[in-house]
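# Per-entry structural report
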Amino acid sequence: ALLRAFSIVKKNVGDAELLIGGKKSKDQPMLENLARELGLKDVTFLGYISEDKLPYHYSSATVMIFPSRCGFGLSTLEAMACGTPVVVGAVFDAPEFVANAGILVNPDDIDEMAKSIIGVLTEPGLREQLSAKAIERAQEFSWEKMARETEEVYHSIMRTEASK
């Protein structure tokens, strides 16, 4: 879906580039073939990106797209923490953690995805607004906060068990 959406983006934003990160999967040859069939020359499969290089890639991107149908993507929050606007599949918990700090799309709606990407690429005001909201929203999530809240749940269970 992302490659098909990007083919629409390219017709509207000629200098757009798509970098795809992540471990090489069994689907990569099919995706590379699809990119060729769609005439997309500005698509690069980066493969695995080490954690120390992720902030550079997030910060240098104009927009990060996570069109997953499977829900939560830590990479989305990492991009948001870098101030990168995000376009995210509106499935499972994505609306909860992205809230209004990104653009939520139906991951199967290629036109909606393309329109959202084009908006971020061509509207500086929208890009700046999403960037500021992304940073603010990402600050609500941290490993420390998660650990503290998990510890509170354990203590609550222990108090309940002790009072029985």
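Data block above holds the structure.
These remarks concern the structure in this document. (Residues numbered from 1 in each chain as written. Predicted model: local features only at pLDDT ≥ 70, side-chain atom pairs only at ≥ 80, totals over all residues. Heavy atoms only, no water.)

## Overview of the overall build of the protein
- When you go through the protein residue by residue, the secondary structure sums to eight helices and five strands.
- Taken from N to C terminus, the helices and strands of the protein fall in the order α-β-α-β-α-β-α-β-α-β-α-α-α.
- The C-alpha extent of the protein, read off along each of the three principal axes, is 65 × 40 × 30 Å.
- When burial is assessed residue by residue, the protein has 35% of its 164 residues classed as buried.
- Long-range contacts, defined here as pairs at least 24 residues apart, represent 54% of the contacts in the protein between residues at least 6 apart. (Helix = DSSP H or I, 4+ residues; strand = E, 2+ residues; numbered from the N terminus. Buried < 20%, exposed > 50% of the residue type's maximum accessible area, 1.4 Å probe, protein only. Contact = heavy atoms within 4.5 Å.)

## A closer look at helix α1 (residues 2-12)
- Along α1, the positions that sit buried rather than exposed are Leu-2, Leu-3, Ala-5, Phe-6, Ser-7, Val-9 and Lys-10.
- The inward-facing, buried residues of α1 contact β1 (18-21), α2 (28-37), β2 (43-47), β3 (64-66) and α6 (110-122).

## Some words on the pattern of salt bridges
- In this structure the tally under the stated criterion is four salt bridges.
- We note a salt bridge from Asp-27 to Lys-26, for which the minimum N-O separation is 3.7 Å.
- Taking the relative accessible area as the measure of exposure, Lys-26 reaches 75% and is therefore exposed.
- When the shortest N-O distance is used, the salt bridge between Arg-69 and Asp-108 registers 2.6 Å. Taken together, the positions of Arg-69 in the loop between β3 and α4 (74-81) and Asp-108 in the loop between β5 (103-105) and α6 put the pair 39 residues apart, joining distant regions of the chain. (Salt bridge = Lys/Arg side-chain N within 4 Å of Asp/Glu carboxyl O.)

## What about the side chain of Thr-84?
- Among the secondary structure elements, Thr-84 is positioned in the loop between α4 and β4 (86-89).
- For Thr-84, a relative accessible area of 2% translates into the label buried.
- A distance of 2.4 Å separates a polar atom in the side chain of Thr-84 from the backbone oxygen of Tyr-58.
- Not counting chain neighbours up to four residues away, the residues in contact with Thr-84 comprise Tyr-58, Ser-59, Ala-61, Thr-62, Val-63, Met-64, Ala-79 and Ala-134. (Polar contact = N/O pair within 3.5 Å; in protein donor to acceptor, adjacent residues only side chain to side chain.)

## Observations regarding unusual backbone geometry
- Even without being a glycine, Phe-92 presents a positive backbone phi close to 45°.
- Inspection of the secondary structure puts Phe-92 in the loop between β4 and α5 (94-98).
- Residue Phe-92 is classed as exposed on the basis of its relative accessible area, which comes to 67%.
- Positive phi values are uncommon outside glycine, yet Ala-99 reaches one of about 55°.
- On the secondary structure map, Ala-99 appears in the loop between α5 and β5.
- Accessibility expressed as a relative area gives 29% for Ala-99, which makes it partly exposed.

## Let's talk about the packing of α1 against α6
- Relative orientation of the contacting elements α1 and α6 amounts to 45°, with a least axis distance of 8 Å. Classified by the interaxial angle, the pair formed by α1 and α6 is oblique. For the crossing formed where α1 meets α6, the hand is right-handed. Counted together, Leu-2, Arg-4, Ala-5, Ile-8, Val-9 and Asn-12 of α1 and Ile-110, Asp-111, Met-113, Ala-114, Ile-117, Ile-118 and Leu-121 of α6 form the full contact between these two elements. (Axes fitted to C-alpha atoms, helices over the stretch in contact; angles between N-to-C directions. Parallel < 35°, antiparallel > 145°, perpendicular 65-115°, else oblique. Left-handed = near helix turned anticlockwise from the far one by under 90°.)

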